[in-house]
Every structure is written in C-alpha cells, then in structure tokens.
Amino acid sequence: MKRSILLLSFIAVIGILTTEWSAAAPDTPATLPTAPAPSVSAEGLFAYHFEKAGMRYVDLLTLRDGSKRLGKVMEWADQVLVYDAQGRRRAYGVEDVRQIEFRRFRRHRALPGQPDLTVSYVERLPRDPSWHGRVAVEGGTALVEIDRAKTAWRPDEGATVTFKVHVLNSGQAESQAGPCKISVDGAEIAAPSVPVLKAGEEHVVEATWKWKSGDHTLRVEVLPDGQIPEVVRWNNEFEEPVQGLGVAVVVARDRYGAFARVANMGDSYGFADWVQYQLRVLNALLAASVYPTSPGGILERVRCDRIIVVDDPYDADDREVWEAALRRGGAADGLAEYAALMVFGRLGEDEDPLHDALKVDWPRLKQIGIDLGLVDLLQLDTEPWQCLAVDPHGRYVERGHVFPWQKTMMYAPGPFPFSETEAAFLNQVRGQPRGSQGDYLLQLPAKVIVEVRSTTGRPLPNVQVDAYQLQGFGEYAGYIAGAGGGEPIYSATTDESGRLALIDQEAPTQTSPLGYEVRPNPFGAIAPDGSNALLLLAIRDGASAEYHFLRLNDCNLAYLHGQKKEYVREIATRLGDGQSLVPPATAAVIVEERKEAQPPMYISWTAPPTVPIGLVEEFRVYKKTSFAGEDERPWNLVAALKKGPMRWAMRYDGEYFDEPAPEAGFSRDTFYAVSSVDYEGRESGLSGPGYLAYGKEALKFAIDRDAGYITLAGVGPGRHGDSSTRILRWDGQFGTQPFGVRSVRFPEYRPGFGGIAISADHRLVIADPVNHVLAYYDEQGNLDATLPERTMWPGFASDEPGEFNVPFDVAVDTGGQYYVADFGNNRVQILDSTGQFVGLVDEEFRFVGPHAVAIANGHLCVTDSAGTRCRVYDLRGERVKFVCELPPLIDADRGLVSRTGKVYITGRATKATDPGLLVYTPTMDRALYDRAIYDMEMGKVYSPRGMYLYINALDEDYGYCVNKFPFDMRRCRLE
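Residues numbered from 1 in each chain as written. Predicted model: local features only at pLDDT ≥ 70, side-chain atom pairs only at ≥ 80, totals over all residues. Heavy atoms only, no water.

Enquirer: Explain the overall build of the protein residue by residue, including any values.
Expert: Each helix and strand in the protein was counted, giving eight helices and 63 strands. Here the C-alpha radius of gyration of the protein, 34 Å, is about what a compact globule of 975 residues would show, namely 30 Å. Along the first, second and third principal axes, the C-alpha atoms of the protein reach 105 × 70 × 55 Å. Burial analysis of the protein (975 residues in total) assigns 58% to the buried set. Sequence separation of 24 or more characterises 64% of the internal contacts of the protein that already satisfy a separation of 6 or more. Taken as a whole, the protein presents about 38400 Å² of accessible surface, with 51% of it coming from carbon and sulfur. If you average the places of the 103 positive and of the 133 negative side-chain charges in the protein, the two averages end up 4 Å apart. (Helix = DSSP H or I, 4+ residues; strand = E, 2+ residues; numbered from the N terminus. Rg over C-alpha atoms; globule rule 2.2 N^0.38 Å. Buried < 20%, exposed > 50% of the residue type's maximum accessible area, 1.4 Å probe, protein only. Contact = heavy atoms within 4.5 Å. Areas by Shrake-Rupley, 256 points an atom, 1.4 Å probe, with all protein chains shown as cover. Lys, Arg positive; Asp, Glu negative; His and termini not counted. Charge placed at Lys NZ, Arg CZ, Asp CG, Glu CD.)

Following this line, the structure appears as structure tokens:
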C-alpha cells in the first residue's frame, strides 16, 4: 500500500501533480453525477464557484474501471469533483478514483494582473483557551496542570464578542473601495467600509455580537464598487461557524509570498484562501463521518483564527515570538489560545509551491485531528523485528501488525472519514478545551474475555494464553514485549468453555482531563497517544502456537456499541481439540527441477506420529501469507488429498505467492502446513509449517552444531515491503524457517545482511554492508555487539584499519581470528579474536571488490573481481602465504580447501556450463580443473552459494551450501 497519498512530479513549464488513491475498488462503481451547482458546500460553509471555464482546464481523472475524465479537478472531503468547460460539476466517490493528474500549462500559470478581495481569516475575541502545553504525562496517564474550575472556556451567554475580519487584496493590482456586510445567521451586525487596497495589502474591519450558545454562522460579504474584474468573485463571500474550534496558522514569509504567485485549487492566488480551503475540506470530512452512533456525522467544526507570518517558524528567535503570541498574555505559562496549530516552514530548495497549492494537505489535516485529541493509528503498525515474544522453541516470533481500518483519516491521511470511535469522542467533548490526547481510549468494557475455539469450532479448554503488549514508553518502547522483553506480561489458561477473562493490569484510579475514568484494564496504563494500544496473544497448546492481535480500538468500539460490562472476543484457531487426530509433524516445500520461472512445487509431510495411518481419511494443505497475526492473515485451505499408499506429498499447482491487495500492507512471504482428517470428519491441528521467502536471493551460509543459517538479499524489509526477514534458520527437525534478529540494545540500528560465520563462542557474526560493521548475534538472535562500535546509526564507511566500507563477507579460523572481505576498500582485513586489527591478507596484491571468504583446513579462499577470480592462501605459518589462483571463473562465491588440498568452489567454469560445485587440484601456483558436481548429498544443486565447512562427530569434513530459491541445503564430503 502506498503510504504517501500524493506523488509529485514537475516537467518544464507544465506542472503535473499526480495523486494515487489507496482506497480499494468497490464491488460496483458508484459514480455520483450532480446537476450544475453554484457552489460546493459543507453545510453552507464554503461557496466556491467555478468561474474559469475559459482557461480550458485539462486535469485528468482516471477511474477504477480505467475510464478517464478531463476538466478542472478538485479534491473535496471524500469526493473528487470534476468541472467541464461549461462549468458543470460531477462528483465521484474516492472509492471510484484511481488517479488524478493536475496538469497546469502556461495559460494556467500566468498571473492575471487583477485585484482579488478575500477574507483571509476572522479573529473571534475573546478566544477559546486550551490546554496545549499544560498537560503532563505521568506514569502513562495525562494530568492537567491548571485549575480547570477557575477557567472560562467559552463566553458567557449574552457576553459581547468581537469579530476582527481581515480583508486582503490577494491579487496583483489595486482594488476598489466598497462596503462590507457582516451578519450572523442572516441578521446584519455591521456594515463597515473597505478602502482601496494595494496588491497584498490587508485591512481589518470589526463587528460585535452578543454571544449565544448553539450553532451559528458568521457571514462576511465584501462588495467592491464598480465593475473592475477580480481574479475570482466567489471569495468575496465568506462563511464560518461561530463556535468552530480555532486553528492558528504560522507560515514562513517566503512560502506565504510564493503562494501569491500560483493559482490554488480554488483558482485564486494567496496562502489564506488555500488554508481556508483546507479547513473547509476537513469540516466536510467531519460531516461525512456518519455512523449509527453518530448519525449526524461529527458535529464539531474548525475555523482559521489567525495567520502569523514570520521569517522562519523553526528559527529559535522567531519561534519564541510566535509561541508567545499564541498564549494568553504572551506568557510562557499562559493558556494556549488555539485548539489546533498548523506550522509551515520555509520552502525547500527544489520545492515548487504549485504542487502544494493544488492539493489537499492530508497529513496536516491529520495533525489537526491529533491536536483535537485523536491518536495516530499508523503507529499500531509493527514490523516483525518489533516483536520480542518467543515461540515454544525459544526463538523470536515473527509477527507484525497492520491496522485493519486503513481507510480512515487517522490511519492513512487522505480523503477518508474518521472512525466511529473518533466520531463519538469528538461529539461527546464538543466545545470543550483541547490539549489532551486519547481520552476516549480509556472507555472500554469492564471485562474483556477471549473465547478460544479449535479448528473444528469447539471451545478449547486448558490452552495457555500468553499476553504481550506494544510498549509505549520505557526500555522496550516501540516493541511488542512482556516482562523482561521475551517473557509474557502474564500467562493464564482457558476454562472448560474455552474462555479466559484477560487479566487487568494496574492503572492509576483517576479521571482524565476530559472526564474519562482511568482504571485497571487489560492494557494497563494506557498511553495518551495510544502507543501501547495493542496486545499480542500467544495461544499455546503444547508445541503448537498461534498469534492473535487484540486492539484497544476493538474494545473501545465494543463499549460504544453497548458492551460496557463484558466484551467477548472469539479467537478461531487452527489448533486441534481432544477429539481430533495428531497432525503431521512438519511440512516441507520441495522444488525439484528449476529451469522454469516457476517450476512445479511439492508439499511433503511426515506421517502423523502415534496415529495409525488407517485412521486418516485425507490430508489438507493450508496456506498462510505474510507474518501478520492469524486473525489478519488466516490459514486458507488450498488443497485436499485422499489418503493412499505412500501419499505423503502432493504437487501444488497454485501460485507460490498470493498477490496482495494494494492497501494490504503485508508481505508476500508464505507458509504451507498440513492437517490430518479422520473418517468422522474431525480435523487435526496443523503441522509445523514449510516456509517460502518472497523476492530473495541466497547470499551466504554458515552451520553450527545442529543448525544452519542463511543470509538473504532482496526486497524488504519495511512496513510495506515484500518481506521482513533476511535470515533463514535450517535444522533437521523444522526445515527452513525465518530467523528473527533483534537489536533492542542498539536503538535505531536496522540490520543489513551479507556474509555470515560462526565465532569461537558460537555467536553469529554477520558482515553488515549497510552499516559498515560486523554484527554479533547470540543464538536467539539478539544483537550484542558491533565492530567497530558506533553510537549513531546507520553506521558510516571508513578506510581506517579495523573499520570497513561495505564489508561483504567474514570468515573465522580455528584460533578465533576474523578475515573480512572489505568490499568497498578492495582489501581483506585480519582481526584478532577481540576485534583488533592485525593486518591485511596479501598486502602487496590489490583485490577488486572481494565478496567471499571461507576457511577450511588452514587455508583461506578469497573470491573477488565480480566472481571471476579466487585466490587461495595458507594460514598455517607465521604469515599468510599465497598458494595459487584458480583459472578464470564465472559467478564464483566461497571456496573451501580439503585436507588433500583440493579446492571446492561454487560457480561456473565456462559460460556454457550450469552453475554447480567446481573442484580444482592445485599444482604449484596454479590449479587444474577436476570436475563439476551437480548431484550432492540431499539432492541436486541449483546456482549454489555460500560454501561452509562443517566437521562432524566422526571427524569428517563436509562442505555445506545453499541452493537458489527455495533455499534448500546441500552437502558434499570433502576429499
């Protein structure tokens, strides 16, 4: 899914602004034509008229069905409007729109040289104060630092309020004088005059009114004398809600000036009109957020209370001035006098204001939502590396979360309504001061119960539920963790009905700033910004486990729908129950011949242990895509196979990887598992899964004790990349599985993966070409050191001794010394067991991009020059000694030397031969080609990579390597 709603490009004098919508296509198109209309209205608060038909606009709108529309295109709330040359308007729901191209040619970019009177903003005095900057967060809960009882938030009934109307000539010529009519609800309250204004000049007129509670509309009409044409006439009329929440705008002077030179989406010129359009779009979106619990939409509205122009809003001196201007009395400890704040910095060096002028700035509108007390739902998206839960085998659980309500404003800022819980909250606190956040998150049922069911739908009693939580603060902030990281917050078991009331965590008993009750609950001290509003529930039954996410938002919505005392969340699992068979132990993915782009794939499995085969009627194959929780991406049945003689495998002719929906946000990595079904139709749980990594190539391999590790290169990682794992772990029991690494002790470190080796103390040593370090991981996958040490990430390249520029591979000798292929520095460094620099391999020889090093039997093989050269060195003496260079190779990788001196290396000897394992016999300083091996123990080889020595218990040398996708192991005994 595209996180950014807007993709920008600019070509010569033609401005092309492209907008791609992330909303999914509906089942049936719902184009909404409208009759010609004089205005586009959000409850009468915006009176835009299309007056520029003569400009012949050619914006291009592409619909989901592929058809296109030409005309003047505007974004408006959750619709897209298209005006044709006759001024007729058609409205399309955003769900129907694929893409917008705002195209601006010379005729659209020329300044008209006319005046243009507009109301830039209206100050309403006295202003409503707010708590912004006066709310402290202690122990994860919010406290207001002032005495609320002594502060008036709105004027008293009948009190005099003053409207200061800022009339601006945003055109390029002198305007005419004329009257100005100011009214509330149609009743005139003032009729001041507006004098002649020079281009860019502003004049303030005032009116007073006796405050009345309820909804009221202020209307201003600027009526210049004479018939001098203006740029546009629609902005001579201005309306806004009197009770709207005040938004303060601070803008850099250069940006403010630049907006005066480009036409905005409303065809006028000037920053003020653009800002007013933004806020009216937001008001229209508030009105469109209709739910059963908010049938009238969100009733709250916003209004622009002032625009402050400074040289640089982010300059410390300028910031001190404008921040003081926005606080009562100008004092730092005074109450803020705005409900929301928009700050616009200086223009970037390559920034074209036309791009901003034509678009709705959805991210800024989302920020207004945060200022009004809502939370950023995007922060609940997590990557697998953020999960510190461990599986029954002690390895990290690879699970990430993507928020399911994606078409909402507070998740992906765009033309999407606010969610139901947000709408209810804004209506509940309408008119109250702002400055606190997330109060509504505290509104959840008194008891939250999970009901766990088996694969047959039966309640699962006595299964263990381990709870982990996304942490909002503290040592593990940003991680899904429990007590001490990997240990759960708590463990409990379901009762005979498969139910478990989640344990309430401690929370202070108090009241939030807006009056919501704080009390113990399953999420504990709920962070005001919602950053810990996610639980991961590990459902464990023996060696089987599933992982399900529970969102605080689910509980908030249940409360809103009347489940105030009790909310029961049913969890449907693929776990077996007491009446079903035992599942097969493991499933494996097998790809044999690999000459086709997608050769046939087979799913194989072992016979169910302790189950007589005569009890099995059929086997069923399931497929799960991505590392999402089982609720978000469940196991889906893809095949069923009747039991027969030796039927422990089946050919799978479906796609290896599913195509994800464009907004799904999940990887395409895929798991396959198998269940057993008896003659009564009762199905077992699932076997251990087989795994396919999407979009990857194998880099290197290392083996230690009973496990091998494969580093990968390719797409991902990333929240919306196509994969989140870069290391695979292989053993004889579970096959090849993703291996998660974690870097809790190294904030901001995001690993890169190149070569891998095993240190003398059995740590994984990985050459990280992205951060230019060696990274040391324990057997669980925890990063515990880097070489060299860095304090900031990403690391930087260096040519100093003991430092690296794209280290691409690493090898370790029997004495614990490291040999590092320092690719970017064209050298191979030697470090001692403590990481101290010892020297260089063959210092007089210049390597060219060394990318593979391997050690066996006291010899080092170095492969460089894009895989065309391999040089062999003897490490057994006091100094490293050159032995020989192999004949020219193609795509060569690591090489190993046997006890008899033969060299085994993966690659090709000639262009005409297939990649395989090549064997050479050294003769003096040269080596003679012996043979190529294409069939090794465990099967055939296909573009093998990453040879690594393993000496078994019988003191026999084996070279292990990994095939290309799906990355299966092969081994060969070294002669």
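Structure shown, so let's carry the discussion forward.
Enquirer: Go over the side chain of threonine 62, please, and point to the residues and values.
Expert: In this structure, threonine 62 sits in strand β4 (residues 59–63). Looking at threonine 62, the relative accessible area reads 6%, which means it is buried. Engagement of the side chain of threonine 62 in a polar contact is seen with the side chain of lysine 68, the distance being 3.1 Å. Beyond its immediate stretch of four places on either side in the chain, threonine 62 contacts Ser67, Lys68, Val97, Arg98 and Gln99. (Polar contact = N/O pair within 3.5 Å; in protein donor to acceptor, adjacent residues only side chain to side chain.)

Enquirer: Summarise the sheet that holds strand β19 (residues 245–252); cite the residues concerned and give the values.
Expert: With parallel pairing, three strands are arranged side by side in an open sheet as β20-β19-β21. With partners counted over all chains shown, the strands left at the sheet margins are β20 (302–310) and β21 (340–344), one partner each. Across this sheet, the average inter-strand angle for adjacent strands is 20°, counted without regard to direction. Taken together, the eight bridges between β19 and β20 define a ladder with parallel strand orientation. Within the sheet, the bridge partner assigned to alanine 252 lies in β20 and is valine 310. Against the sheet, helix α3 (residues 271–288) contacts β19, β20 and β21, and its axis sits at roughly 150° relative to β20. Along the sheet, helix α6 (residues 362–371) contacts β19 and β21; its crossing angle with β21, the most-contacted strand, is approximately 145°. (Pairing = 2+ DSSP bridges. Axes fitted to C-alpha atoms, helices over the stretch in contact; angles between N-to-C directions.)

Enquirer: Describe the environment of glycine 515, listing the residues and the values that go with them.
Expert: Tracing the backbone through its elements, the reader meets glycine 515 in the loop between β27 (510–511) and β28 (517–518). Separated by 86 residues in sequence, glycine 515 and valine 429 have C-alpha atoms that sit 9.3 Å apart.

Enquirer: Quick rundown of the pattern of salt bridges? Include the residues and the values.
Expert: With the rule as written, the count across this model stands at 65 salt bridges. For aspartate 59, the salt bridge goes to arginine 104, with nearest N and O atoms at 2.5 Å. Here arginine 104 lies in strand β8 (residues 97–104) and aspartate 59 lies in strand β4, a separation of 45 residues in the sequence. With respect to burial, aspartate 59 and arginine 104 carry one shared label: buried. Between glutamate 570 and arginine 453 there is a salt bridge whose closest N-O contact spans 3.6 Å. Remark: arginine 453 occurs in strand β22 (residues 447–453) and glutamate 570 occurs in strand β31 (residues 566–572); sequence separation between them is 117 residues. Since its relative accessible area comes to 47%, glutamate 570 is described here as partly exposed. Owing to a relative accessible area of 21%, arginine 453 belongs among the partly exposed residues under this scheme. In the salt-bridge network here, residues are joined through shared partners; they are Glu123, Arg127, Glu240, Arg303, Asp305 and Arg306. (Salt bridge = Lys/Arg side-chain N within 4 Å of Asp/Glu carboxyl O.)

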